[in-house]
Amino acid sequence: MNPITYRVVMVLSLFKLEIRWSYLPPLMIYVAAGIQGLTSIVGTFFVKDYLGLSAEFLATLGFWAFVPWSMKIPVGHLVDLIWRFKSWLVVLGAGLITSSLLIMAGLIGYRDQMAEITSINAWFVWASLLSPVGYVLQDAVADAMTVEAVPRKDQAGNIFSTEKLKSMHTTMQTLGRVAIIGGTVIVALLNLWVFRGTENLNLEAKQTLYTNVYLMALIIPAISLLGIAFARWLEYKLVKVHMSKGITKAAAYSQVRLKKDTTSPNYWILGGSLVFVYVTISLGLSNYKFSQEAIFLSSGVIILWMMRQLTLSLDTNSRNTLIGTAVIIFMYRATPTVGQGMSWWMIDELKFDGPFFSILSLIGSSLALVGMFGFRRFMAERSILYVITFLSLTSFLLALPTLGMSLGLHKWTSSISSGVIDARFIALVDTALESPLGQIAMIPMLAWIANAAPSNLKATYFAVMASFTNLALSAGSLGTKYINQIFTLSREIKDPTTKIVETSANYSDFPTMLASVMLISLLMPLGAILIIRLLGWRSA
């Protein structure tokens with residue numbers, strides 16, 4: 001057996017020893033989160049072909065879609081407070097996701113009827129905002145369930161060692177990321193099947209196809225509900241086992257359920273959350289020109305204040321580790337992107353279609369799964385500081401081929417290789433190299449929280465880091481909006497009925513725009529790492 005095969009077998013053997021049935025319920029919720037990408041390709045083509053929304057507006061909408069994720073601190077604290085009723089939060093999330101999917105299906109299949117109620121763009125905005133709220137609710141519950149899923153004792157009743165618990169938590173968090181990426185693999189395979197032979201479909205056939213994809217996506221909330229049902233079934237089976245030993249039902253439930261310290265409401269967190277909601281809604285509904293910026297800044301102040309209140313219970317070393325980790329992750333995730341213009345450019349200039357986007361998605365998701373296992377030791381042994389430095393430099397290098405194609409690289413390589421190394425070949429290779437790195441950054445931090453945070457505040461601590469890092473995504477959306485204000489990209493827009501071109505395609509600014517984004521995305525995290533080192537702080 002060669003060394004690579006031996007290593008893979010050993011890693012899988014280790015996972016087999018540590019995987020337990022109790023891991024499955026939160027993993028099912030994570031799989032559902034991964035499958036949400038089922039509608040992404042259809043959504044891209046729908047926005048491009050049927051909605052006259054600018055790249056700047058879509059970046060603005062992206063900012064609002066990330067606002068619910070910044071609310072994970074109060075949501076996580078709510079999960080800790082009503083832990084016994086957590087299943088209903090998953091049910092509520094499933095209802096919101098279902099509503100969003102049905103709105104999108106209606107927009108495509110029953111456009112005229114929907115337009116009689118309110119504008120198509122307004123429906124689209126509602127659909128874009130409902131689903132994030134649903135996913136936030138489910139994600140907060142799943143995060144805390146990953147802690148509950150890891151047993152404290154073996155079958156003989158002996159307490160596991162600290163090293164064993166750390167190993168199991170790392171495995172659980174790794175499997176959580178694997179479940180999410182696994183969901184994207186399922187999506188990629190489904191998209192390959194859905195988009196096969198669709199290149200020459202007429203408008204009516206495309207509308208039917210797009211509608212069916214959104215209806216198919218109703219499997220997403222169904223899977224998360226099945227996860228909760230399976231958790232209840234596991235609990236019921238364990239209770240039956242304990243009751244067979246002659247104890248009462250109440251005593252059996254006491255044995256089965258994780259013994260958590262009593263969780264008292266943290267009124268600083270709850271009060272800060274109310275202020276956050278008030279400020280967000282007030283500014284969002286106002287006509288203030290810089291309302292998004294004001295919401296971001298006020299949200300940042302409130303979240304930082306809530307983090308400070310929460311971390312007062314930690315010792316100095318743990319507090320500095322949490323802060324250092326949060327700052328590094330924030331700057332890494334706050335980097336701007338080109339936005340929707342990237343997809344438009346690939347569709348209009350490189351002639352990428354739905355089937356090819358599906359292939360790229362499949363390759364990316366599949367190799368991301370391989371990377372999760374292949375980099376497990378790398379994640380376990382290296383600090384976030386080292387990991388982010390590696391990812392930032394690697395991402396910059398792997399963005400160079402796309403920058404080259406924006407300058408005509410693919411035309412030159414195609415001409416000297418008899419058409420073999422064309423735009424699609426370069427995109428395939430670039431995706432294959434980049435995709436294994438996508439989920440690496442978060443796993444060490446999640447494992448540290450699961451192992452080190454107080455038992456009665458696990459969901460709250462997960463939510464603290466999630467809110468802060470998702471606030472970074474809001475910052476990235478603002479950066480993306482500014483980039484799209486400085487550089488103008490426009491795709492070709494035709495009237496759906498007359499086929500008359502209403503807006504001509506213009507991607508002349510794309511190379512400069514992409515180069516600027518690449519440089520910013522490199523300097524932001526590296527600058528944060530330099531500051532952390534100068535301050536003498538640590539990272540997870």
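About the cut-offs
- Residues numbered from 1 in each chain as written.
- Predicted model: local features only at pLDDT ≥ 70, side-chain atom pairs only at ≥ 80, totals over all residues.
- Heavy atoms only, no water.
- Helix = DSSP H or I, 4+ residues; strand = E, 2+ residues; numbered from the N terminus.
- Buried < 20%, exposed > 50% of the residue type's maximum accessible area, 1.4 Å probe, protein only.
- Contact = heavy atoms within 4.5 Å.
- Areas by Shrake-Rupley, 256 points an atom, 1.4 Å probe, with all protein chains shown as cover.
- Core = buried A, V, L, I, M, F, W, Y, C linked by side-chain atoms within 4.5 Å.
- Phe/Tyr/Trp six-rings, centres within 6.5 Å; stacked < 30°, edge-to-face > 60°.
- Axes fitted to C-alpha atoms, helices over the stretch in contact; angles between N-to-C directions.
- Parallel < 35°, antiparallel > 145°, perpendicular 65-115°, else oblique.
- Nonpolar A, V, L, I, M, F, W, Y, C, P; charged D, E, K, R; others polar.
- Polar contact = N/O pair within 3.5 Å; in protein donor to acceptor, adjacent residues only side chain to side chain.
- Expected span 1.5 Å × (residues − 1).
- Bend = angle between axes of the 7 residues up to and from the residue.
- Left-handed = near helix turned anticlockwise from the far one by under 90°.
- Patch = residues over 30% accessible without salt bridge, like charges linked within 9 Å, V, L, I, M, F, W, Y side chains within 5 Å.
- Salt bridge = Lys/Arg side-chain N within 4 Å of Asp/Glu carboxyl O.
- pLDDT = per-residue confidence, 0-100.

Undergrad: Would you explain the overall build of the chain in this entry?
TA: Broken down by element type, the chain carries 24 helices and two strands. Out of the 540 residues in the chain, the part that is buried amounts to 51%. Contacts in the chain between residues far apart in sequence, at least 24 positions, make up 82% of those at least 6 positions apart. In the structure as shown, the chain presents an accessible area of about 25300 Å², 64% of it carried by carbon and sulfur atoms.

Undergrad: Help me understand the nonpolar core, please; the structure alone is not making it clear to me.
TA: Here is a general trend for soluble globular proteins: nonpolar side chains tend to be buried in one another's company. Core analysis: the largest hydrophobic core is formed by 57 residues, its most contacted members being Tyr-23, Leu-27, Val-79, Ile-103 and Leu-107. Elements represented by at least two residues in this core include exactly helix 2 (24-35), helix 5 (72-81), helix 6 (86-109), helix 8 (120-149), helix 9 (162-194), helix 10 (203-216) and helix 11 (219-243). Sequence-distant contacts of Leu-27, that is, excluding residues within four places in its chain, are made with Met-172, Leu-175, Gly-176 and Ala-179.

Undergrad: Would you explain the packing of aromatic side chains in this entry?
TA: Centre-to-centre distance and the angle between the planes together describe a pair of aromatic rings. Evaluated as defined, the whole model comprises two aromatic pairs. An angle of 25 degrees between the planes, with centres 5.8 Å apart, marks the rings of Phe-230 and Trp-233 as stacked. Residue Phe-230 and its partner Trp-233 are both found in helix 11; the two are separated by three residues, about one turn of the helix. The buried category is assigned to Phe-230, whose relative accessible area is 18%. Since its relative accessible area comes to 45%, Trp-233 is described here as partly exposed. Here the aromatic rings of Trp-345 and Phe-510 are separated by 4.4 Å at their centres, their planes lie at 20 degrees, and the arrangement is stacked. With Trp-345 in helix 16 (residues 340-348) and Phe-510 in helix 24 (residues 510-535), this pair connects stretches of sequence that are 165 residues apart. The two residues Trp-345 and Phe-510 agree in class, both being buried.

Undergrad: I would appreciate a short explanation of the environment of Met-331 in the present structure.
TA: Looking at the secondary structure, you find Met-331 in helix 15 (residues 316-333). Residues Met-331 and Gly-476 lie 145 residues apart in sequence; the distance between their C-alpha atoms is 9.3 Å. Contacts of Met-331, omitting those with residues within four sequence positions, involve Met-524, Pro-525 and Ala-528.

Undergrad: Would you take a moment to explain unusual backbone geometry for this structure?
TA: A negative phi angle characterises most non-glycine residues, just as the trans form characterises most peptide bonds. The residue Lys-351 is not glycine, and still its phi comes out positive at about 65 degrees. Looking at the secondary structure, you find Lys-351 in the loop between helix 16 and helix 17 (354-374). The backbone phi angle of Ser-418 is positive, close to 55 degrees, even though this residue is not glycine. Within the secondary structure, Ser-418 sits in the loop between helix 20 (409-416) and helix 21 (423-434).

Undergrad: In this structure, what is going on with the packing of helix 2 against helix 11? I would like to understand it.
TA: Geometry of a packed helix pair, given as the angle between the helix axes and the separation of the axes. Where helix 2 contacts helix 11, the two axes come as close as 8 Å, and the packing angle between them is 180 degrees. On the basis of their axis angle, the class for helix 2 and helix 11 is roughly antiparallel. Residues Leu-24, Pro-25, Met-28, Ile-29, Ala-32 and Ile-35 of helix 2 form the contact with helix 11, whose participating residues are Ile-220, Ile-223, Ser-224, Leu-226, Gly-227, Ile-228, Phe-230, Ala-231 and Leu-234. For the contact of helix 2 with helix 11, the per-class residue count stands at 13 nonpolar, two polar and no charged.

Undergrad: Is there a simple way to think about the side chain of Ser-406 in this case?
TA: Turning to its location among the elements, Ser-406 is positioned in helix 19 (residues 384-406). We classify Ser-406 as buried; its relative accessible area is 17%. One polar contact links the side chain of Ser-406 to the main-chain carbonyl oxygen of Leu-403, over a distance of 2.5 Å. Apart from the residues lying within four places of it in its own chain, the contact partners of Ser-406 are Trp-345, Phe-510 and Pro-511.

Undergrad: So what exactly am I meant to see when it comes to helix 19 here?
TA: Given 3.6 residues to a turn, an α-helix orients residues that are three or four positions apart in the same direction. With 23 residues, helix 19 should cover 33 Å at 1.5 Å per step; its first-to-last C-alpha distance of 33 Å lies within 8% of that length. Most pronounced at Leu-400, the bend in helix 19 amounts to some 30 degrees, and the proline Pro-401 follows within four residues. Positive backbone phi, at 100 degrees, marks Gly-408, one or two positions downstream of helix 19.

Undergrad: Explain the environment of Pro-355 to me, please; I cannot follow it from the model alone.
TA: Topologically, Pro-355 is positioned in helix 17. A sequence separation of 161 residues divides Pro-355 from Val-194, and the C-alpha atoms of the two residues are 8.4 Å apart.

Undergrad: Explain the packing of helix 5 against helix 8 to me, please; I cannot follow it from the model alone.
TA: Closest axis-to-axis distance for the helix 5/helix 8 pair is 9 Å, and the angle between their directions is 55 degrees. Viewed along their axes, helix 5 and helix 8 adopt a mutual orientation that is oblique. The handedness of the crossing between helix 5 and helix 8 comes out as right-handed. Between helix 5 and helix 8, the residues in contact are Lys-72, Val-75, Gly-76 and Val-79 and Val-136, Leu-137, Asp-139, Ala-140, Val-141, Asp-143 and Ala-144, respectively. Classifying every residue of the contact of helix 5 with helix 8 gives seven nonpolar, one polar and three charged.

Undergrad: Can you walk me through a nonpolar patch on the surface in this structure?
TA: On the surface, Phe-85, Trp-88, Val-91 and Leu-225 cluster together to form a nonpolar patch covering roughly 420 Å² of accessible area. Within the secondary structure, Val-91 is located in helix 6.

Undergrad: Looking at this model, I keep getting lost on the confidence of the model for the chain. Mind explaining?
TA: Caution applies to low-pLDDT regions: their predicted coordinates should not be interpreted in detail. Chain-level pLDDT for the chain is 76 on average; 76% of the residues reach the 70-or-more range. Of all helices and strands in the chain, the one with the weakest mean pLDDT is helix 1 (residues 3-18) (45), whereas helix 24 scores best (89). Here residues 1-17 is modelled with pLDDT under 50, and outside its nearest four sequence neighbours on either side it reaches 12 contacts, counting other chains as well.

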